[in-house]
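Single-letter residue listing:
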Amino acid sequence: MQMAVGLIEALGLTTAVSALDAASKAADVTLIGFEKVIGVGKAVGVNIQIAGEVAAVKAAVAAGVEAGNRVGTVIASHVIPRPHDEVDKLLEKFSRNLKGNNKEIEKQEKEKQEKEQKEKDKTKTKNKKSNKEE
């Protein structure tokens, strides 16, 4: 299987998410990372990195750029077919950024669920007391 890396740099998070959504729907690709880039076009840019087979990444990047430009501005895009092994070091860095964010999100979701469960338990306790009093 011939792997490729695709990059889409968009102006703003909304544009980047729209581009990623379209890219993901267009072909079988995987998000391997994202980076916030300060100073792109005198604003905050978001660079998304996807990976997959060469044809899939090319199709995904094209669809992502088209969708991103409908919402905002795509600054740049590029597909690197069959990247050199040294590029893997950079891709690992991208992946670590993504995994770190996922762990933080999972932690926040777990805390939210625990808080909701405590609230439910309090409500049940109040209801039991109310029923006994009646």
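Fair warning: this is a prediction, and the values are worked out from it, not measured in the lab.

### Overview of the nonpolar core
In step 1: Residues Ile8, Val29, Ile48, Ile50, Val57, Ala60 and Val61 are the most contacted members of the largest nonpolar core, which totals 20 residues.
In step 2: Sorting the residues of this core by element identifies β1 (3–11), α1 (13–26), β3 (43–53), α2 (54–71) and β4 (73–81) as the ones contributing at least two each.
In step 3: A per-element tally of this core places α2 first, with six residues.
In step 4: The residues contacting isoleucine 48, other than those within four sequence positions of it, are Gly6, Leu7, Ile8, Ala16, Ala19, Leu20, Leu31, Gly33 and Phe34.

### Things to note about the packing of α1 against α2
In step 1: One can describe the packing of α1 onto α2 by two numbers: an axis separation of 7 Å at closest approach and a directional angle of 145°. Here α1 and α2 pass one another in a crossing that is right-handed. Here Thr14, Thr15, Ser18, Ala19, Ala22, Ala23 and Ala26 of α1 come into contact with α2, specifically with Ala59, Ala60, Ala63, Gly64, Ala67, Gly68 and Val71.
In step 2: The residue inventory of the contact of α1 with α2, partitioned by class, reads nine nonpolar, five polar and no charged.

### Comments concerning α2
In step 1: In this model α2 runs 26 Å from its N-terminal to its C-terminal C-alpha over 18 residues, within 8% of the 26 Å that 1.5 Å per residue would give.
In step 2: Within the span of α2, buried status applies to Val54, Ala56, Val57, Ala60, Val61, Gly64, Val65, Ala67 and Gly68.

### A short note on α1
In step 1: For α1, built from 14 residues, the straight-helix expectation of 20 Å at 1.5 Å per residue is met to within 8% by its first-to-last C-alpha distance of 20 Å.
In step 2: When α1 is considered as a whole, its buried residues turn out to be Thr15, Ala16, Ala19, Leu20, Ala22 and Ala23. Taken around the axis of α1, the buried residues stretch over an arc of 165°, which confines them to a single face. In α1, the exposed residues that point more than 90 degrees away from the buried face are Leu13, Thr14 and Lys25.

### As for the pattern of salt bridges
In step 1: What the rule picks out here adds up to two salt bridges.
In step 2: For lysine 25, the salt bridge is made with aspartate 21, and the minimal N-O distance between the two is 3.1 Å. Taken together, the positions of lysine 25 and aspartate 21, both in helix α1 and four residues apart, correspond to about one turn of that helix.
In step 3: A residue is classified by how much of its surface remains accessible, and aspartate 21, at 38% relative accessible area, is partly exposed.
In step 4: Here arginine 70 and glutamate 66 are joined by a salt bridge, their closest N and O atoms 3.3 Å apart. Of the two residues, arginine 70 and glutamate 66 both sit in helix α2, four residues apart, roughly one turn of that helix.
In step 5: Take glutamate 66: its relative accessible area is 51%, and that puts it in the exposed class.

### Things to note about the side chain of glutamate 9
In step 1: Take glutamate 9: it is sitting in strand β1.
In step 2: Side-chain polar atoms of glutamate 9 contact the side chain of asparagine 47, separated by 3.1 Å.

### Some remarks on the confidence of the model for the protein chain
In step 1: This prediction gives the protein chain a mean pLDDT of 83; 81% of its residues lie at or above 70.
In step 2: Taking the mean pLDDT of every element in the protein chain, the minimum, 69, falls on helix α3 (residues 87–133) and the maximum, 96, on α2.

About the cut-offs
- Residues numbered from 1 in each chain as written.
- Predicted model: local features only at pLDDT ≥ 70, side-chain atom pairs only at ≥ 80, totals over all residues.
- Heavy atoms only, no water.
- Core = buried A, V, L, I, M, F, W, Y, C linked by side-chain atoms within 4.5 Å.
- Buried < 20%, exposed > 50% of the residue type's maximum accessible area, 1.4 Å probe, protein only.
- Helix = DSSP H or I, 4+ residues; strand = E, 2+ residues; numbered from the N terminus.
- Contact = heavy atoms within 4.5 Å.
- Axes fitted to C-alpha atoms, helices over the stretch in contact; angles between N-to-C directions.
- Left-handed = near helix turned anticlockwise from the far one by under 90°.
- Nonpolar A, V, L, I, M, F, W, Y, C, P; charged D, E, K, R; others polar.
- Expected span 1.5 Å × (residues − 1).
- Arc of directions from axis to C-beta.
- Salt bridge = Lys/Arg side-chain N within 4 Å of Asp/Glu carboxyl O.
- Polar contact = N/O pair within 3.5 Å; in protein donor to acceptor, adjacent residues only side chain to side chain.
- pLDDT = per-residue confidence, 0-100.

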